Amino acid sequence: MAAKTIVVGNFKGGVGKTKVAVMASWELAYKFNKKVLLIDMDPQANATTIVARSSGIGDINATIFEGFKNGDLSNIIVKMHENLDLIPAHVTFKNLPKFLYSKFKKDIDQITYLKNLLEPIKNKYDYIFIDVPPTISDYSDNAMMAADYVLIILQAQELSLEGAETYVSYLQFMADEYNADIQVVGVLPVLLRAGGRVDQSTVMRAQEIFGEDNVYENYVKHLERLKAWDITGIANQDQHDKRAHQTFIKVVEEMLENIERLENIKYFEEEGGTGE
Ligand SMILES: Nc1ncnc2c1ncn2[C@@H]1O[C@H](COP(=O)(O)OP(=O)(O)O)[C@@H](O)[C@H]1O
Ligand SMILES: [Mg+2]
């Protein structure tokens, strides 16, 4: 079985995308015993820094851009844990657009390059997570074309669906224009402000737009410990660590349930016959 590929989406910076991509990958590998590949598509390489630090990996030689240039990602994969591999990013990856334009004439070839590069390694994993920069760009286009699912981040305290809504309308555009075959696997409310509360009217509007089943009951609270892990690395020592892990274990459980539900629907649509 080929991996399920998931991109964490929202066209806004600083909403917790990288945190969710890193922690969902981490819990799937450590707690759920799944084979996971985390792909860092962001030249800022935050996910790379955090995961490498947490895994005690000091030196990373080759990064994603070398893989893109050589047309082969298998040599630049770095093992972080028995179950967790990383495709690391680096600031040089900022030249991805130039590279794609010189390599490919057609835009469909430019935006399906990651999808094609993943094909030979997909069957080694249960799940592949892609962390992207917060822009509508060649990075997000490549991730969208490669992914089966998107987990959309909802800023639960902002009284706005900005970023999440943009993402969904762009998703529709990509489906119409390029046949992108990607489904929403959920809308995850995230609180980034200390003492912030989930704004219920935002959640209700999200339920209207995305469907009630799609907005997660579990949400990611603001936890100082989650921020601290950027510097200390991901830990599992005291009760604050455990609470932070528990947040994402629940989110992953809900995501897995949603994936199963969507896979069943897909299965019945494909195998369901004429429905007479
Ligand atoms: N649930 C959370 N609680 C506290 N801080 C968080 C949480 N999620 C993310 N952060 C912090 O907020 C900042 C932005 O998060 P990040 O995941 O990098 O956002 P994005 O990838 O959307 O730009 C980082 O410093 C991160 O550590
Ligand atoms: Mg990020």
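Residues numbered from 1 in each chain as written. Chains lettered and ligands numbered in written order. Predicted model: local features only at pLDDT ≥ 70, side-chain atom pairs only at ≥ 80, totals over all residues. Heavy atoms only, no water.

Caption draft 1: Quick look at the overall build of the protein chain. Looking only at helices and strands, one finds 11 helices and seven strands in the protein chain. Against the compact-globule benchmark of 19 Å for 276 residues, the protein chain has a radius of gyration of 18 Å, which places it among compact chains. Oriented by its inertia axes, the alpha-carbon framework of the protein chain measures out at about 60 × 45 × 30 Å. Counting over 276 residues, the protein chain shows a buried share of 53%. Considering only residue pairs separated by 6 or more positions, the protein chain has 80% of its internal contacts joining residues 24 or more positions apart. Of the roughly 13400 Å² of accessible surface on the protein chain, a fraction of 46% belongs to carbon and sulfur atoms. (Helix = DSSP H or I, 4+ residues; strand = E, 2+ residues; numbered from the N terminus. Rg over C-alpha atoms; globule rule 2.2 N^0.38 Å. Buried < 20%, exposed > 50% of the residue type's maximum accessible area, 1.4 Å probe, protein only. Contact = heavy atoms within 4.5 Å. Areas by Shrake-Rupley, 256 points an atom, 1.4 Å probe, with all protein chains shown as cover.)

Caption draft 2: Geometry of the pattern of salt bridges. Inspection of the entire model under this criterion finds 10 salt bridges. Residue Glu 162 pairs with Lys 12 through a salt bridge whose shortest N-O separation is 4.0 Å. One end of the pair, Glu 162, is in the loop between strand S6 (149-155) and helix H8 (164-178); the other, Lys 12, is in the loop between strand S1 (4-9) and helix H1 (17-30), with 150 residues separating them in the sequence. Under the relative-accessibility criterion, Glu 162 is labelled partly exposed at 46%. Classification of Lys 12 by relative accessible area gives partly exposed; the value is 25%. For Asp 238, the salt bridge goes to Arg 225, with nearest N and O atoms at 2.9 Å. One end of the pair, Asp 238, is in the loop between helix H10 (224-232) and helix H11 (239-271); the other, Arg 225, is in helix H10, with 13 residues separating them in the sequence. On the accessibility criterion, Arg 225 (24% relative accessible area) is partly exposed. (Salt bridge = Lys/Arg side-chain N within 4 Å of Asp/Glu carboxyl O.)

Caption draft 3: Local environment of unusual backbone geometry. Positive phi is not limited to glycine here, since Ala 45 has a value of about 55°. Judged by its relative accessible area of 10%, Ala 45 is buried. The phi dihedral of Asn 179 falls on the positive side, at around 55°, and the residue is not glycine. Tracing the backbone shows Asn 179 in the loop between H8 and strand S7 (183-190). A relative accessible area of 64% means that Asn 179 is categorised as exposed.

Caption draft 4: Structural view of the sheet that holds S6. Strand order in the open sheet formed by seven strands is S3-S4-S2-S5-S1-S6-S7, with mixed pairing between adjacent strands. Sheet topology places strand S3 (78-81) and S7 at the edges, where each strand pairs with a single neighbour. Neighbour-to-neighbour, the strand axes of the sheet open up by a mean angle of 25°, direction not taken into account. Here four bridges tie S1 to S6, and the two strands are oriented parallel to one another. (Pairing = 2+ DSSP bridges. Axes fitted to C-alpha atoms, helices over the stretch in contact; angles between N-to-C directions.)

Caption draft 5: Region of interest: the packing of helix H7 (residues 138-146) against H8. At a minimum axis distance of 11 Å, the contact between H7 and H8 shows a crossing angle of 65°. Taken as axis vectors, H7 and H8 run roughly perpendicular relative to one another. Crossing of H7 against H8: the hand is right-handed. On H8, the residues that touch Asp 141, Met 144 and Met 145 of H7 are Tyr 167, Tyr 170, Leu 171, Met 174 and Tyr 178. Here the contact of H7 with H8 is composed, by residue class, of seven nonpolar, no polar and one charged. (Parallel < 35°, antiparallel > 145°, perpendicular 65-115°, else oblique. Left-handed = near helix turned anticlockwise from the far one by under 90°. Nonpolar A, V, L, I, M, F, W, Y, C, P; charged D, E, K, R; others polar.)

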